[in-house]
Amino acid sequence: MTERRTMSPYTKEKSMVWEGRHDRLFIGGQWVPAHGEHLRIVSPFTEEVIAEVPSASTGDIDRAVAAARAAFDNGPWPRMPLEARMAVLRELRRLVAEHQEPIAQLITDEIGCPITQSRALQAVSPVRVIDACLDLAPDYPFRSPARPPHPGSR
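Now for a description of the structure that goes with this document. On a predicted model such as this, the values are computed, not experimentally measured, just so you know.

What follows covers the packing of helix α3 (residues 100–111) against helix α4 (residues 115–122). A pair of packed helices is characterised by two quantities: the angle between their axes and the separation of those axes. Two elements in contact, α3 and α4, have axes whose closest approach is 8 Å; the angle formed by their N-to-C orientations is 130°. Regarding the angle of α3 to α4, the classification is oblique. As for the relative orientation of α3 and α4, their crossing is right-handed in sense. Listed contacts from α4 to Glu101, Ala104, Gln105, Ile107, Thr108 and Ile111 of α3 are Ile115, Ser118, Arg119 and Gln122. A breakdown of the residues in the contact of α3 with α4 according to their chemical character gives four nonpolar, four polar and two charged.

According to the stated counting rule, one finds seven salt bridges in the structure shown. Taking the shortest distance from any N to any O, the salt bridge between Asp73 and Arg69 comes out at 2.9 Å. On the criterion of helical spacing, the pair formed by Asp73 and Arg69 is a turn pair, its members being four residues apart in helix α1 (residues 58–74). For Arg69, a relative accessible area of 46% puts it in the partly exposed group.

Our focus in this paragraph is the pairing of strand β3 (residues 24–27). Moving residue by residue along a regular strand, the side chains alternate between the two faces of the sheet. Where burial is concerned, the two faces of β3 differ: the one with Leu25 and Ile27 is buried and the one with Arg24 and Phe26 is not. Hairpin connection between β3 and strand β4 (residues 30–33): a loop of two residues separates the two successive antiparallel strands, and Gly28 in this loop has a positive phi of roughly 65°.

To continue, consider the environment of Thr58. Along the polypeptide, Thr58 turns up in helix α1. Look at Thr58 and you get exposed, because its relative accessible area is 60%. Expressed as a C-alpha distance, the spacing of Thr58 and Gly36, which sit 22 residues apart in the sequence, is 8.1 Å.

About the criteria used
Residues numbered from 1 in each chain as written. Predicted model: local features only at pLDDT ≥ 70, side-chain atom pairs only at ≥ 80, totals over all residues. Heavy atoms only, no water. Axes fitted to C-alpha atoms, helices over the stretch in contact; angles between N-to-C directions. Helix = DSSP H or I, 4+ residues; strand = E, 2+ residues; numbered from the N terminus. Parallel < 35°, antiparallel > 145°, perpendicular 65-115°, else oblique. Left-handed = near helix turned anticlockwise from the far one by under 90°. Contact = heavy atoms within 4.5 Å. Nonpolar A, V, L, I, M, F, W, Y, C, P; charged D, E, K, R; others polar. Salt bridge = Lys/Arg side-chain N within 4 Å of Asp/Glu carboxyl O. Buried < 20%, exposed > 50% of the residue type's maximum accessible area, 1.4 Å probe, protein only. Pairing = 2+ DSSP bridges.

Purely geometric numbers; function is a separate question.
This is the structure in structure tokens:
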């Protein structure tokens, strides 16, 4: 993979376009070959293919779900104290906030959204969601009362 910078048709600024064909999926903490077809990402402005990315096969999806379940069940997250989880979220928030402009440009290049909307809404929304989670976390009970099964459910 090589990185190529071109002028974004939306922002008249440098925009990142990845050349090459991506053929791997991140499953179970590793980059593994994808077994599905490739998707062509087309710029809605220029109608040029700006990237090709793998589409997961059913088997890839099953492996990803199993890996995620195993990571949650056997990994550190469920046993971490609240403050440690909040520290992870704070770091995620910092990184997303730090990279808002490239995120906004990527959104604009991929879906054709006006750059002003990408900057004002889409790139900032993840930061706001993380902020809301961090605000609620200290007082949230993190337990749900047991409810009887819904009639007709198994």
